[in-house]
Amino acid sequence: MAGMLDSIDQRTQLVGENRLELLLFRLAGPQVYGINVFKVKEVLQCPHLSIFPKSHHVVIGVAHIRSGTIPIMDMGLATGNQSVGDPKNCFVIITEYNTATQGFLVSGVERIVNMNWEDIHPPPKGTGREHYLTAVTEVDERLVEIIDVEKILSEVSPMREDISADVLDQAKASVGEARKVLIADDSKIARKQVTKCLETLGIEVTALNDGRQALDHLKQLVEEGITPSQQYALMISDIEMPEMDGYTLTTNVRNDPRMSDLHIILHTSLSGVFNKAMVEKVGANDFIAKFNPDVLASKVSERIKEVYGDS
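Below is a summary of the structure that appears in this document. (Residues numbered from 1 in each chain as written. Predicted model: local features only at pLDDT ≥ 70, side-chain atom pairs only at ≥ 80, totals over all residues. Heavy atoms only, no water.)

## Concerning the layout of surface pockets
Quick note on the threshold: Lining residues are defined by having an atom within 4 Å of a point belonging to a cavity or pocket. Those points lie on a 1 Å grid over the protein atoms alone, cavities being sets where a 1.4 Å probe fits but cannot get out and pockets being open sets with protein on both sides within 12 Å along at least five of seven lines. Grid points are joined across faces, edges and corners, and a volume is the space filled by probe spheres set on the points. In this description a helix means any DSSP run of H or I spanning at least four residues, a strand means any run of E spanning at least two, and both kinds are numbered starting from the N terminus. Following the grouping adopted for this structure description, the nonpolar residues are Ala, Val, Leu, Ile, Met, Phe, Trp, Tyr, Cys and Pro, the charged ones are Asp, Glu, Lys and Arg, and the polar ones are all others, Gly among them.
One number sums up the size of the second largest pocket: a volume of about 210 Å³. Lining the second largest pocket are 13 residues, with P71, M73, Q102, L153 and S157 positioned closest to its centre. With three residues, the top contributor of residues to the lining of the second largest pocket is strand 7 (residues 100-106). Residues belonging to the lining of the second largest pocket are distributed by class as follows: eight nonpolar, five polar and no charged.

## Overview of the pattern of salt bridges
Defined as follows: Definition used for salt bridges: Asp or Glu carboxyl oxygen within 4 Å of a side-chain nitrogen of Lys or Arg. Only protein chains enter the accessibility calculation, which uses a 1.4 Å probe; a residue whose area is less than 20% of its type maximum is buried, one above 50% is exposed, and one in between is partly exposed.
On inspection of all chains with the given rule, the structure shows 14 salt bridges. Across the pair R111 and D140 runs a salt bridge whose closest N-O atoms are separated by 2.3 Å. Of this pair, R111 sits in strand 8 (residues 108-116) while D140 sits in the loop between strand 9 (133-139) and strand 10 (142-147), placing them 29 residues apart in sequence. Linking D256 and R258 is a salt bridge whose minimum nitrogen-to-oxygen distance equals 2.9 Å. Taking the relative accessible area as the measure of exposure, D256 reaches 11% and is therefore buried.

## So, the side chain of D238
In plain terms, the rule: A 3.5 Å cut-off defines polar contacts: any pair of N or O atoms within that distance qualifies, except that in protein one atom must be a possible hydrogen donor and the other a possible acceptor, and neighbouring residues in sequence count only when both atoms are side-chain atoms. Should any heavy atoms of two residues lie within 4.5 Å, those residues are considered in contact.
With respect to the helices and strands, the residue D238 is situated in the loop between strand 13 (234-237) and helix 8 (246-254). Take D238: its relative accessible area is 3%, and that puts it in the buried class. Of note is the side chain of D238, whose polar atom sits 3.4 Å from the side chain of K290. Among residues more than four places away in sequence, those in contact with D238 are A184, D185, D186, G246, H267, T268 and K290.

## Some points on empty space enclosed by the protein
Using the criterion set out here, one finds four cavities of 30 Å³ or more in the structure. The computed volume of the largest cavity comes to approximately 230 Å³. What lines the largest cavity is a set of 24 residues, and nearest its centre among them are K39, T134, I146, I147 and E240. Where the lining of the largest cavity is concerned, the elements lending two or more residues are strand 1 (19-26), strand 2 (32-36), strand 9, strand 10 and helix 3 (149-156). For the lining of the largest cavity, a count of residues per class yields twelve nonpolar, five polar and seven charged. Estimates place the volume of the second largest cavity at around 80 Å³. Forming the walls of the second largest cavity are N98, E150, L153, S154, S157, M159, I189, Q193, K290 and F291. Those elements giving two or more residues to the lining of the second largest cavity turn out to be helix 3 and helix 5 (188-200).

Shown next as structure tokens:
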């Protein structure tokens, strides 16, 4: 699998062009799945696994890779299906989500494909695994399912969602009367987490499912004679979203003088050294990794204080 992943410089060329690269893989059957290459650190034959006592049942062990200990999850079990099989005959996709590294056991890895986010669509309603899907697409006339990894991680290793008391008191003091914030995120889990965090501060939230919806909403405001930056103190956008990603959403907002002054924070589970360059390239104001309620609350309250002053 060495050489499968492109360099950071090559991948950053996709920024703002509404494109992504998917690593295609399989679980126990013929169904093909995909994961954004940006989140993949390495793909390797499954190494020796050590049993981790009292771990979640989808965590089949830990692997010692490059002087680090990484939990390995069976992706089949994690999505409510059968195990992908004997680890000795499987591969591990090492990923980085929410500043943490973990591995996912899969039965096979196929190849990397370059795609347009416009060809990535929300999962159809009523599908059996919709609960674990964040999007679907088609490659070579085959349906490719993109799994909501954030949902898996929230079940296997729940993150703290409450704002700590001292941060909450300080943030509430800065927010004062209710303000409005726009968020765009395709993950139900992420929308719920961000909404809960902001509503705790007394902020009114408009939550949309992807970048296309957010841009259409902003354009509608403009057509009604409403300036988005006066309607919302800021917009918090995920990066990975079907139809239109957060980079392209930001680029479109910055290129439209009617809304170009809207403050934008990119909030994503993507992490790595390339983020700063990407944020600067598309013109976002800030970047924060998912999901730290204290950091999110502090950033939002600081922005509101900057706009409205002390309440």
